[in-house]
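These are the residues of each chain, in order.
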Amino acid sequence: MRLFSDSCTAVNKGTTTFTTITQDILRDIDQRQSLNHFLSVGKDSAIVQAQQSDERYAEEKPLALDGMVVAVKDNLSTRNFPTTCASKMLGEYRPVYDATVVERLAAHGAIIIGKTNMDEFAMGSSGENSAFGKTLHPLNGDYVPGGSSSGSAVAVAAGHAHASLGSDTGGSVRQPAAFCGIVGYKPSYGRLSRYGLVAFASSLDQVGIFAPDIPTTATMMDALSGHDANDATSANLAPTQAMATLDEYANKSLTIAVLPEEIIKDCSPEVLEVYKQCLDILQDNGITLLQAQIPANDAWIPTYYVLATAEASSNLARFDGIRYGFRAEINNDDDDIMTLTRSQGFGMEVKRRIMLGTYVLSAGHYDAYYKKAQQARRLIYDGYEHIFSQADALFLPTTPTTAFKFGEKLNDPIAMYLSDYFTVSANLAGIPAISIPAGNAANGFPVGMQLQTSLFQDERLLSIAHRFQQLFQS
Ligand code: GLN
């Protein structure tokens, strides 16, 4: 992995330049193309941006993200790269504008290295649902790197970016971060602009950040956050000050909520072992643990999959073969262009979600499914409020297992959906959540642990996460 702080130190000492670092990264990406983590790489534009960073460094007028090599998930609109959502439906589609977060990356001097592979339209937990082939785990090519932001996680884990952007609707940043041994952060809903993020389930979608460590994550967040008039759900708050407050919780006495044993016990033995070690470390460091009751935990996954599919069925209606990307060929007068385009353009999982979502929204089922799910969502939010009235944060595993093998869950959608068990509730409640590396399991794969705090307490979350990552690494 490549630490942004190490690169900055080396450039400051004069031992290298950002241009050289970027060239090294471009060479490394080429050498490990088999990972299939990038869908497009911007060689020339990245070098130009790196040279500009070097110039601003030489003039001692660096911008906040100067020299930071960043990879961007391919569902964020970019003018200079195609934006495919890893779907045949969008093919070579090139937006005419940049997503706000992409615009802010560039405005702060970041070097945008390329667009990353993902599960089609961000639907999946393994990276296997891409129309352009699966992304491989950097440690073992027989294993999934997690998803749906598979390529963005692998880019950071393999040292091919200092940081990357993903999207997290139900865990797609935290889960692959856990599988790949890096930090994955989903901010509070509304804290990063969704303008230019291709919508999957709008009330759950958040742009998220991957990095090896918390300082890089915080630096990115401070630069990219802040109100955006182009996004009606953007929180009217100033940019975060996470770097300035990173040490705020370094020595404070902390009360951390943990879930009851019966919710945790179904995790794999590898994850359970690391989880227990972490609890010991926390207690040894004087942190108070509080058993928390969280209502409706049985409803997390069903609620998420009802609401996410309902919103997806509506959001994906726009892909009709008329306005963007792919259009099916018409061979005779009876052919219906929209039906043909959607049948040929979408992959299996996307079709499954559209069908499920259309079903739960249909007149006869709306009250039984969609309305019920909205009520359960409220209960989940209230449950969190109660926890955070007693504790500074909630600590829980990110995933029930470590990385699994390709094909293991592909034909069993329920098993695949259950791998989101610990992540979806934060999206349902809109609260910030982060996965931090907590060590390796006995099987050699990384294990991630998660922290969640109350709505808009993003600085607090990052500060506690910074302390915990140091504790778990020492
Ligand atoms: N794995 C979850 C799903 O398939 C989450 C996806 C996401 O966060 N984008 O819906």
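Use the structure listed above.
These numbers come from a predicted model, not from an experiment. (Residues numbered from 1 in each chain as written. Predicted model: local features only at pLDDT ≥ 70, side-chain atom pairs only at ≥ 80, totals over all residues. Heavy atoms only, no water.)

S.K.: Would you take a moment to explain the pattern of salt bridges for this structure?
M.R.: Charged atoms that come close allow side chains of opposite charge to pair. Applying the stated criterion to the full structure yields 14 salt bridges. Ionic pairing is found between E248 and K252, a salt bridge with its closest N-O pair at 3.8 Å. Of the charged contacts, one joins D382 and R378 as a salt bridge, the two residues approaching to 3.4 Å between their closest N and O atoms. Taken as a pair, D382 and R378 lie in helix 13 (residues 367–388) at a separation of four residues, close to a single helical turn. In this structure, a network of salt bridges that share partners links the residues R2, D24, R27 and D28. (Salt bridge = Lys/Arg side-chain N within 4 Å of Asp/Glu carboxyl O. Helix = DSSP H or I, 4+ residues; strand = E, 2+ residues; numbered from the N terminus.)

S.K.: Is there a simple way to explain empty space enclosed by the protein in this structure?
M.R.: A complete count under the given rule lists two cavities of 30 Å³ or more for this structure. When its volume is computed, the largest cavity comes out at roughly 80 Å³. Taken together, A122, G124, S125, T169, G170, G171, S172, F200, Y304, Y305, R353 and D420 make up the full set of residues lining the largest cavity. Class assignment of the residues belonging to the lining of the largest cavity gives a composition of four nonpolar, six polar and two charged. Lining the second largest cavity, in full, are N75, C85, F121, A122, S167, T169, L197, V198, A199, F200 and D205. Per-class residue counts for the lining of the second largest cavity are seven nonpolar, three polar and one charged. (1 Å grid on protein atoms, 1.4 Å probe; cavity = no way out; pocket = protein on both sides within 12 Å on 5 of 7 lines; lining within 4 Å. Points joined across faces, edges and corners; volume = space filled by probe spheres on them. Nonpolar A, V, L, I, M, F, W, Y, C, P; charged D, E, K, R; others polar.)

S.K.: Would you explain the site of the ligand in this entry?
M.R.: Contacts to the ligand come from 15 residues, most closely from T169, G170, S172, Y304 and R353. Note that a nitrogen atom of the ligand is positioned 2.9 Å from one of the backbone N or O atoms of G124. (Near = heavy atom within 4 Å. Polar contact = N/O pair within 3.5 Å; in protein donor to acceptor, adjacent residues only side chain to side chain.)

S.K.: Can you help me understand helix 9 (residues 269–284) in this one?
M.R.: Within an α-helix, residues lying three or four positions from one another point in the same direction, as the helix has 3.6 residues per turn. In this model helix 9 runs 22 Å from its N-terminal to its C-terminal C-alpha over 16 residues, within 8% of the 22 Å that 1.5 Å per residue would give. Every buried residue belonging to helix 9 is among V271, L272, V274, Y275, C278, L279 and L282, and all of these are buried. Projected down its long axis, helix 9 carries its buried residues within an arc of 165°, all on one side. Set apart from the buried face of helix 9 by more than 90 degrees, the exposed residues are P269 and D284. Looking one or two residues beyond helix 9, the residue adopting positive phi is G286, at roughly 80°. (Expected span 1.5 Å × (residues − 1). Buried < 20%, exposed > 50% of the residue type's maximum accessible area, 1.4 Å probe, protein only. Arc of directions from axis to C-beta.)

S.K.: Please explain helix 12 (residues 348–361) as it appears in this structure.
M.R.: In a regular helix each residue adds 1.5 Å, so 14 residues correspond to 20 Å; helix 12 covers 20 Å between its end C-alpha atoms and thus fits that length. Within helix 12, the full set of buried residues consists of E349, V350, R353, I354, G357 and V360. Buried residues in helix 12, looked at end-on, bunch into an arc of 135°, giving them a common side. Residues of helix 12 that are exposed and point over 90 degrees away from its buried face: M348 and M355. Those residues of helix 12 that are buried are in contact with helix 10 (300–315), helix 11 (337–345), helix 13 and helix 14 (413–418). (Contact = heavy atoms within 4.5 Å.)

S.K.: Just to check I follow, could you spell out the environment of I414 for this structure?
M.R.: Positionally, I414 belongs in helix 14. A relative accessible area of 57% places I414 in the exposed class. Residues I414 and I301 lie 113 residues apart in sequence; the distance between their C-alpha atoms is 9.7 Å.

S.K.: How should I be thinking about the pairing of strand 2 (residues 69–73) in this particular structure?
M.R.: As a general feature of sheets, a regular strand has side chains that alternate between the two faces. Counting buried positions along strand 2 yields five of five residues, so the element is predominantly enclosed. With five bridges connecting them, strand 2 and strand 3 (residues 111–116) associate as parallel partners. Looking across to strand 3, one finds that V69 is bridged to I111. With helix 4 (residues 100–107) bridging strand 2 and its parallel neighbour strand 3, the resulting β-α-β unit is right-handed. (Pairing = 2+ DSSP bridges. Right-handed = clockwise from strand over helix to strand, strands pointing away.)

S.K.: In this structure, what is going on with the sheet that holds strand 4 (residues 163–168)? I would like to understand it.
M.R.: Hydrogen bonds between backbone groups are what pair the strands of a sheet, and the pairing can be parallel or antiparallel. Taken in spatial order, the 11 strands line up as 1-3-2-4-6-5-10-11-9-7-8 in an open sheet, and their pairing is mixed. The open sheet terminates on both sides in strands that have one partner only, identified here as strand 1 (38–41) and strand 8 (288–291). Taken over all neighbouring pairs, the strand axes of this sheet differ in orientation by 30° on average, direction set aside. Strands strand 2, strand 3, strand 4 and strand 6 (206–211) of the sheet are contacted by helix 4, whose axis makes an angle of about 170° with strand 2. Along the sheet, helix 5 (residues 150–157) contacts strand 1, strand 2, strand 3, strand 4 and strand 6; its crossing angle with strand 4, the most-contacted strand, is approximately 155°. (Axes fitted to C-alpha atoms, helices over the stretch in contact; angles between N-to-C directions.)

S.K.: Is there a simple way to explain the pairing of strand 6 in this structure?
M.R.: For strand 6, the buried fraction is high: six of the six residues fall into the buried class. Here strand 6 shows a buried face lined by Q206, G208 and F210 and a second buried face lined by V207, I209 and A211. Judged from the five bridges that link them, strand 4 and strand 6 form a sheet pairing that is antiparallel. Counted as the bridge partner of G166 is G208 from strand 6. As paired strands, strand 5 (residues 183–186) and strand 6 are joined by three bridges and run antiparallel to one another. Its bridge partner lying in strand 6, G184 is registered against F210.

S.K.: Help me out: how do you make sense of the packing of aromatic side chains in this one?
M.R.: How two aromatic rings sit relative to each other is set out by the distance from centre to centre and by the angle between their planes. Summed over all chains, the structure comprises 20 aromatic pairs. Seen from their ring centres, F18 and Y57 are 4.9 Å apart, and the 85° between their planes marks the pair as edge-to-face. Taken as a pair, F18 in helix 2 (residues 18–31) and Y57 in helix 3 (residues 43–58) lie far apart in primary sequence, 39 residues in all. Judged by relative accessible area, F18 falls into the buried class, the value being 1%. Centroid distance F319 to F346: 6.5 Å. Interplanar angle 90°. Geometry classified as edge-to-face. Of the two residues, F319 sits in the loop between helix 10 and helix 11 while F346 sits in the loop between helix 11 and helix 12, which places them 27 residues apart along the sequence. Taken together through their ring pairs, the aromatic side chains of Y93, F121, F319, Y324 and F346 make up a single cluster. Seen from the ring of F404, K409 lies directly overhead, with NZ or CZ sitting 4.7 Å from the centre. (Phe/Tyr/Trp six-rings, centres within 6.5 Å; stacked < 30°, edge-to-face > 60°. Lys NZ or Arg CZ within 6 Å of the ring centre and 35° of its normal.)

Any functional reading would require information that these geometric values do not contain.
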